[in-house]
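# Tertiary structure, described
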Amino acid sequence: MFKKLFGNKTKSKETTVLAPLSGNILPISEVPDPVFAQKMMGDGFAIEPSEGQVVSPVAGEVVQLFHTKHAVGLKTEAGTEVLIHIGLETVAMEGEGFEAHVAQGDKVSVGTPLITFDLALIQEKAKSIITPIVITNSDASESFEILAQGTVQKGETACAKVTMK
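All values reported here derive from a predicted model rather than from experimental measurement.

Definitions and cut-offs
- Residues numbered from 1 in each chain as written.
- Predicted model: local features only at pLDDT ≥ 70, side-chain atom pairs only at ≥ 80, totals over all residues.
- Heavy atoms only, no water.
- Helix = DSSP H or I, 4+ residues; strand = E, 2+ residues; numbered from the N terminus.
- Buried < 20%, exposed > 50% of the residue type's maximum accessible area, 1.4 Å probe, protein only.
- Contact = heavy atoms within 4.5 Å.
- Phe/Tyr/Trp six-rings, centres within 6.5 Å; stacked < 30°, edge-to-face > 60°.
- Pairing = 2+ DSSP bridges.
- Axes fitted to C-alpha atoms, helices over the stretch in contact; angles between N-to-C directions.

Moving on: unusual backbone geometry. A positive phi is found at Lys-39, a non-glycine position, where the angle reads about 60 degrees. Relative to the helices and strands, Lys-39 resides in the loop between helix 2 (34-37) and strand 3 (43-49). Despite not being glycine, Glu-94 has its phi angle at roughly 50 degrees, a positive value. Tracing the backbone through its elements, the reader meets Glu-94 in the loop between strand 7 (81-85) and strand 8 (98-100). Among the residues examined, Glu-94 registers a relative accessible area of 67% and is labelled exposed.

Turning our eyes to something else, we now look at the side chain of Thr-90. Of note, Thr-90 is situated in the loop between strand 7 and strand 8. Among the residues examined, Thr-90 registers a relative accessible area of 0% and is labelled buried. Discounting chain neighbours no more than four positions away, the residues touching Thr-90 are His-70, His-85, Phe-98, Ile-122 and Ala-126.

As enumerated under the stated definition, the model contains one aromatic pair in all. Summarising the aromatic geometry, the rings of Phe-98 and Phe-117 are spaced 6.4 Å apart at their centres and angled 35 degrees between planes, so their arrangement reads as tilted. Residue Phe-98 is located in strand 8, and its partner Phe-117 is located in strand 10 (residues 113-117); the two are separated by 19 residues in the primary sequence. We note that Phe-98, like Phe-117, is buried.

This part takes up the sheet that holds strand 4 (residues 53-55). Sheet strands associate in pairs through backbone hydrogen bonding, adopting either a parallel or an antiparallel arrangement. The strand order across the open sheet built from three strands is 4-10-8, with neighbouring strands paired in antiparallel fashion. Pairing within the sheet leaves two strands with one partner each, and these edge strands are strand 4 and strand 8. Going from strand to strand, the sheet's axes swing by 15 degrees on average, the running direction of each strand aside. Strand direction decides the pairing type here: strand 8 and strand 10, joined by three bridges, are antiparallel. Bridged to Phe-98 within strand 10 is Phe-117.

The values reported here are purely geometric and, on their own, carry no functional implication.
In structure tokens, the structure reads:
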């Protein structure tokens, strides 16, 4: 209640989300899965990866690391929640080909290695290698803007800007 009355001046409400993977950026609407494409989990973008390493696209905390290591959830100081879901239907791989380098509760900086994965194995066993990056609490955001197009570099290319309410 006090935050609404007096504002929250202690931290920035803006988060720049850098590329968590190197590859080609795509609109979330082009992800071949309706849960992501129709923004049921939130707004975002996707990357078709060119290599098998995910780094943190934001500074924050690891709030969820799936036991199958195919997805990781991060939360920034501004309150932005970022989900990185490696490939589509990769949960069925039950962790095969994935290696986590962080644990739930870890603090991370931009560029901190999060997960490495076998790109060829995912191409073989999963529906797609396209990796959605979703702002899972985008309903609590004031704005979401895509900043990049084409080829992006992990930990370097600014892909999106999120402003929380």
